[in-house]
Amino acid sequence: MDTSPHPFITQPHRTLIRLSIPVLFSLTAEPITALVDTAFISSLGVVPLAALGVGTTALSSLFWMFNFLGVGAQTEIAQLFGGGKEDQAGGILSLSLLLSLLAGFLLLLVISPISDWLAGLLGASGAVQTYAARYIQIRLFGAPAVLLTLTISGALRGIQDMRTPLWIALGVNGMNILLDWFLIFGIGPFPALGVGGSALASTISQWLGALVGLRVVMGKIKPSSSFQLTQTMKILQIGRDMFIRTGMLNLFLIYTTRAANQISPNAGAAHQVLRQMWVFTALALDAFAATVQSLVGYFIGRESVPNAKYVVRVALVWSLGTGLILSGLMAAGQGLVLQYLVPASAVAAFLPAWLVSTLSQPLNSIAFLTDGVHLGTGDYGFLRNAVLISSLIGILGLWTLERSGTGTLYWIWILIAFWIILRGSFGMLRIWPGVGKSVFHSR
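Structure report, in brief. Remember, predicted model here, so these are calculated numbers, not experimental data. (Residues numbered from 1 in each chain as written. Predicted model: local features only at pLDDT ≥ 70, side-chain atom pairs only at ≥ 80, totals over all residues. Heavy atoms only, no water.)

### Comments concerning the pattern of salt bridges
Where we set the bar: Basic side-chain nitrogens of Lys or Arg form a salt bridge, by our definition, when they fall within 4 Å of a carboxyl oxygen of Asp or Glu. Only DSSP runs of H or I with at least four residues qualify as helices, and only runs of E with at least two residues qualify as strands; both kinds are numbered from the N terminus onward. Burial classes follow relative accessibility: with a 1.4 Å probe on protein chains only, a residue under 20% of its type's maximum area counts as buried, one over 50% as exposed, and anything between as partly exposed.
Going through the model one piece at a time under the given rule, you end up with eight salt bridges. Across the salt bridge formed by Glu76 and Lys234, the nearest N and O atoms sit 3.3 Å from each other. Linking Glu76 in helix H4 (residues 68–82) with Lys234 in helix H11 (residues 229–263), this pair joins segments that are 158 residues apart in sequence. Between Asp371 and Arg423 there is a salt bridge, with its nearest N and O atoms 2.6 Å apart. Highlighted residues: Asp371 in helix H16 (residues 361–377) and Arg423 in helix H18 (residues 409–431), separated in sequence by 52 residues. Since its relative accessible area comes to 10%, Asp371 is described here as buried.

This is the structure in structure tokens:
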């Protein structure tokens, strides 16, 4: 095993930032594209915008259910490289890619026939439901590509190659924006497809990105078909815990979208803008979480828990600072968001909820960072239980709000902030003092 010190030990802040910046840009590339989609579709009216919100919520939730493939690959490969077992990484890569491809085609076959029902489940009806169902059906053809790209990015980050996923993300999303312009509005020989054009642009771009990513990752981590049964079982166990965790997380977020759409189309449209901005800021904060996951995984692989805990202390300072900066940027940018993203009829519903989302950014930073820490240690069961408890409490609050008949978008976002507080509190207690069977206990 290589016993030379990791760069983080000698230059912790510089190393954290050097690794996190490419992750930041790669993670925020997609929500930036989603904001462009939102701006393009917003010009078509409230109904197409609400349909886009329903469609993107449904698909991001479905794709997110399988994020364990990328998460598992990243942690397992990081720990193998930390432990000097690079030769075993190829088996993990091959297994994860195979499972990604199978899961993507399964989503296409199972969800496409029920897309109209799924849109209705999220509170859509009439023209909103029709547009949303069509959007979902088209985007599902890109499902295998989306899951492959998640796995490829996770594997590359596992070996602390943060730059390659950035170039893949920039290529995919740049192509997406370009195709959006042609396919949504219809330019030259291209027909104006509206919401369906946005879906088609995403699907084409995702497949191009996945094919390029496959070629690159196989050049850096030699794939192997000789993965062991224990590796297969471990990935499946990770999948079980993360599937439950992600399922509950998505159930809560889906319920917020349903609750907003039940209030009114204007509330649904305002919630779509808020949700896209929340995703954008969340992924910006997740840049530190993804970097911490790789660094903590590396040191856990080396059986160096004190160094793993040192990573957490350094990253927490940077993450909290970023959360405060995001709050300031959101406050300063409110006018631009209103001008370019929010229909005039939805402004009254939007503004109070926007204030809650703005003030909650430092809370988000703690929750997301601790998620990255526990992913790096492979503490999947804890993450499952923490989100399960937090989401059940949040869902109960939403149900109570819905039953009262007096709910507003403001109170929906108050509950989202409370949900984040619970998750962050659980995550911090697992590190300090290290409650339960934590690797950080008494270290």
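### Quick word on unusual backbone geometry
Outside of glycine, negative phi angles account for most residues, and trans bonds account for most peptide bonds. Between Trp432 and the following residue, Pro433, the backbone shows a cis peptide bond with an omega angle of 10°. Residue placement: Pro433 occurs in the segment after H18. Non-glycine residue Glu303 carries a positive phi angle of around 60°.

### Some words on the packing of aromatic side chains
Stated formally: Two aromatic rings, drawn from Phe, Tyr or Trp (for Trp, its six-membered ring), form a pair once their centres lie within 6.5 Å of each other, and the interplanar angle then sorts them: stacked below 30 degrees, edge-to-face above 60, tilted otherwise. Any Lys NZ or Arg CZ found within 6 Å of a ring centre and within 35 degrees of that ring's normal is scored as a charge over the ring.
Tallying each qualifying case throughout the model produces 13 aromatic pairs. Judged by centre distance (4.6 Å) and plane angle (25°), the ring pair of Phe252 and Trp419 falls under stacked. Remark: Trp419 occurs in helix H18 and Phe252 occurs in helix H11; sequence separation between them is 167 residues. When its relative accessible area of 0% is taken as the criterion, Trp419 is described as buried. Ring geometry for Tyr298 and Phe299: centres 5.5 Å apart, planes at 85°, overall edge-to-face. What makes Phe299 buried here is its relative accessible area of 2%. Taken together, the aromatic side chains of Phe8, Tyr298, Phe299 and Tyr310 make up a single cluster linked through ring pairs. The residue whose ring lies beneath Arg423 is Trp419, and the NZ or CZ to ring-centre distance is 4.8 Å.

### Overview of H4
As a reminder of what qualifies: How far a helix is expected to stretch is found by multiplying one less than its residue total by 1.5 Å.
The terminal C-alpha atoms of H4, which comprises 15 residues, lie 20 Å apart, in line with the 21 Å expected from a rise of 1.5 Å per residue. Judged by how many residues are buried, H4 sits mostly within the fold: 14 of 15 residues are covered. One or two residues past the end of H4 sits Gly84, with phi positive at roughly 70°.

### Concerning the side chain of Ser115
Definition in use: Here a residue-residue contact requires only that any non-hydrogen atoms of the pair lie within 4.5 Å.
As for its placement among the helices and strands, Ser115 is situated in helix H6 (residues 115–121). The contacts of Ser115, once residues within four sequence positions are left out, are Ala133, Ile136 and Gln137.

### Thoughts on helix H12 (residues 265–301)
The line we're drawing: Bend, at a single residue, is the angle you get between axes fitted to the 7 residues ending at that residue and the 7 residues starting at it.
Counted at 1.5 Å a residue, the expected span for H12 with its 37 residues is 54 Å, and the 50 Å between its end C-alpha atoms agrees. Within H12, the axis deviates most sharply at Asp286, by approximately 35°. Along H12, 30 of the 37 residues are buried, which leaves the element largely enclosed by surrounding structure. Phi turns positive one or two residues past the end of H12, at Glu303, with a value near 60°.

### Re the nonpolar core
We apply this condition: Buried Ala, Val, Leu, Ile, Met, Phe, Trp, Tyr and Cys residues form a nonpolar core when they are joined through side-chain atoms within 4.5 Å.
In this structure, Val54, Leu59, Phe66, Leu107, Ile111, Ile136 and Met242 are the most contacted members of the largest nonpolar core, which totals 44 residues. By residue number, the principal contributor to this core is helix H3 (residues 46–64), which donates eight residues. Apart from residues no more than four positions distant in its own chain, Phe66 is found in contact with Ala103, Leu107, Leu147 and Phe243. In terms of nonpolar packing, the next biggest core, distinct from the first, is built from 40 residues, Trp278, Phe350, Ile395 and Ile420 among them.

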